[in-house]
Amino acid sequence: MKNLIDLRTLTQLPDELAQRVYTSRLLGGDHSMVMHGGGNTSLKVVEDGEEILYVKGSGSDLGLVETADFAPVRLVPVRRLIELKELGNDAMIAAFRAALKHPHAPRPSIETLLHAVLPFKWVEHTHADAVLAVADTPHGADHLRAALGDAVVIVPYRHSGFELAKCCHQVFTRDATAKTIGMVLLHHGIFAFGNSAAESYGNMIELVGRAEDYLKSHAAWDIPTESRALPPAEIHEFAALRRDISRAAGAPLLLRQTGDPLGLAYARRPDLAEISQQGPATPHHAVFAKRVALLGRDATGFASVYARYLADHAPATPAWLPDPAPRVMFDPEWGLSVAAVNAQYADTAAEIAHHAMEIAWRAQALERYTSLPPREVLAAEIDYGGFELKIRRAAPLSGEVALVAGALARRDEIADLLEQGAAVIGLDEGEQVAALFASPAYLGFSDVKNALSRGIHQFGGIDRLLGGNERLEALCRPLLALSPVTRGH
Ligand SMILES: [Zn+2]
């Protein structure tokens, strides 16, 4: 774990908030630390005689964060909330909003109260892979004690928000000493803190580095990287799996065979049935990957088991519930595949799955990989999820795939399909079809064979064909018959 800070760059920045942005981006730029909206950072300052907490807004990506993504909240009224015995997360979020210094500031992170009560000017929170690999084990607390010594206090799993802030506050007040530079949240992640930007960031790097060293010294770091050629899935079987997954989801999803060599190695582990069914490495992962992965190709069977998990663990009046379809699949022939609402989220799911495999692999080598209870996972799925619904509302063709022949002459039509959320496979003579659009939702080919094989391995099937001649129509008919999209006539 390398400390990437450049002290000359840091000291030349105009103010502390700019320093906060700089070190937040260093953390967020390393995806072994945190990914896709996870994690958060904060800074406490005095402005016009008033203590202000700048905390990362909910949902923004730490690696791309800007000054405007930090919400300025008045520290005194927020910190006082910790004295309450009980507080629902909705009421807590309303209290954060009421304490905002500017009404148009972003919505403060769900962990704002936790940042507020930590008595340090600078606070960092990540879901670092190495820390999770140590913590996500039956004796996680003992391993952490051995790996990190008395530099951290250790907090049991609690749901994010008031419950977690309250528990962290109690543990910190009871256990922290002058040597404490961080706090590990079992099955969730790690906090580090300090009195300067460099110290606080450096403490995070130090602690994650120690977790890495611990895994290395216990022969639990190296993952065999033998790169076997991944057999491409037979396209009709793959399209059938996409249809079944989409039906279980109640809406079309893209399906991608990732080709990740680790995915194939993982799918062929003799203990796959155990290791892949424990739960997520940190609750945030479940939003993109669901609680557990599908093993093999029976999406319908998976959905009925998942529906039972939803029924058993949902709160009495949930705001909404996730669908029961899988998002991550392991097959001993196909390796890792992912399903997602659009191509961008397929990238996200594939990356989350890759990190999750590394964490579980190392935890299993250290002792045994374990996760949090199903009820807690579902609470997180409900709290942080729901983005697919928003995407479908804004882009109604999300999850659908169009094959467009004569693509070069149909630029506007393709642009419109992409705009509405569809993924597009363009087909035309001439190499320029490949570069017609620079979007993860577009692939262009100058031959039918590649358009069908690579297009389907990337998007999972075909729901509509535009501009095809008779020969192409005949080739596509069996694939169109496997489309999950049903249209009225
Ligand atoms: Zn977190």
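Residues numbered from 1 in each chain as written. Predicted model: local features only at pLDDT ≥ 70, side-chain atom pairs only at ≥ 80, totals over all residues. Heavy atoms only, no water.

## With respect to the coordination of the zinc ion
Reasoning step 1: His125 (NE2), His127 (NE2) and His188 (NE2) make up the full set of protein donors to the zinc ion, lying at 2.1 to 2.2 Å.
Reasoning step 2: In primary-sequence terms, the residues that donate to the zinc ion follow H-x1-H-x60-H. Residues His125 and His127 agree in their burial class; the two are buried. (Donors = N, O, S within 2.8 Å, 3.2 Å for Na, K, Ca; no water. Buried < 20%, exposed > 50% of the residue type's maximum accessible area, 1.4 Å probe, protein only.)

## With respect to the sheet that holds strand β11 (residues 335-340)
Reasoning step 1: One open sheet holds the four strands; their spatial order is β8-β11-β10-β9, and the pairing between them is mixed. Of all strands in the sheet, those with a lone pairing partner are β8 (254-257) and β9 (294-295), marking the two edges.
Reasoning step 2: Where helix α10 (residues 235-249) meets the sheet, its contacts fall on β8, β9, β10 (328-331) and β11, and the angle it forms with β8 comes to roughly 140°. (Pairing = 2+ DSSP bridges. Helix = DSSP H or I, 4+ residues; strand = E, 2+ residues; numbered from the N terminus. Contact = heavy atoms within 4.5 Å. Axes fitted to C-alpha atoms, helices over the stretch in contact; angles between N-to-C directions.)

## Quick notes on helix α20 (residues 470-480)
Reasoning step 1: Here α20 has its buried residues at Leu472, Cys476 and Leu479. Looking straight down α20, one finds its buried side chains confined to an arc of 35°; they lie on one side. Among the exposed residues of α20, those oriented more than 90 degrees off its buried face are Glu470, Arg471 and Arg477.
Reasoning step 2: Against the buried residues of α20 lie α10, β12 (401-405), β13 (423-427), α19 (448-459) and β15 (464-466). (Arc of directions from axis to C-beta.)

## As for the packing of aromatic side chains
Each aromatic ring pair is summarised here by two numbers: the centre-to-centre distance and the angle between the ring planes.
Reasoning step 1: Evaluation of the coordinates by the stated rule reveals twelve aromatic pairs.
Reasoning step 2: Geometrically, the ring pair formed by Phe238 and Trp334 is edge-to-face, given 5.4 Å between the ring centres and 75° between the ring planes. On the criterion of sequence distance, the pair formed by Phe238 in helix α10 and Trp334 in the loop between β10 and β11 is long-range, its members being 96 residues apart.
Reasoning step 3: Ring centres of Tyr266 and Trp361 lie 6.3 Å apart, and the angle between their planes is 40°; this geometry places the pair in the tilted category. Highlighted residues: Tyr266 in helix α11 (residues 261-267) and Trp361 in helix α15 (residues 343-366), separated in sequence by 95 residues. Of the two residues, Tyr266 and Trp361, both sit in the buried class.
Reasoning step 4: Here the aromatic cluster, defined as three or more aromatic residues joined through ring pairs, consists of Phe120, Phe172 and Phe193.
Reasoning step 5: One cation-aromatic arrangement involves Arg297 over Trp334; the distance from NZ or CZ to the ring centre is 3.6 Å.
Reasoning step 6: A cation over an aromatic ring shows up here: Arg411 above the ring of Phe437, its NZ or CZ 4.7 Å from the ring centre. (Phe/Tyr/Trp six-rings, centres within 6.5 Å; stacked < 30°, edge-to-face > 60°. Lys NZ or Arg CZ within 6 Å of the ring centre and 35° of its normal.)

Interpretation note: all reported values are geometric properties and have no functional meaning in isolation.
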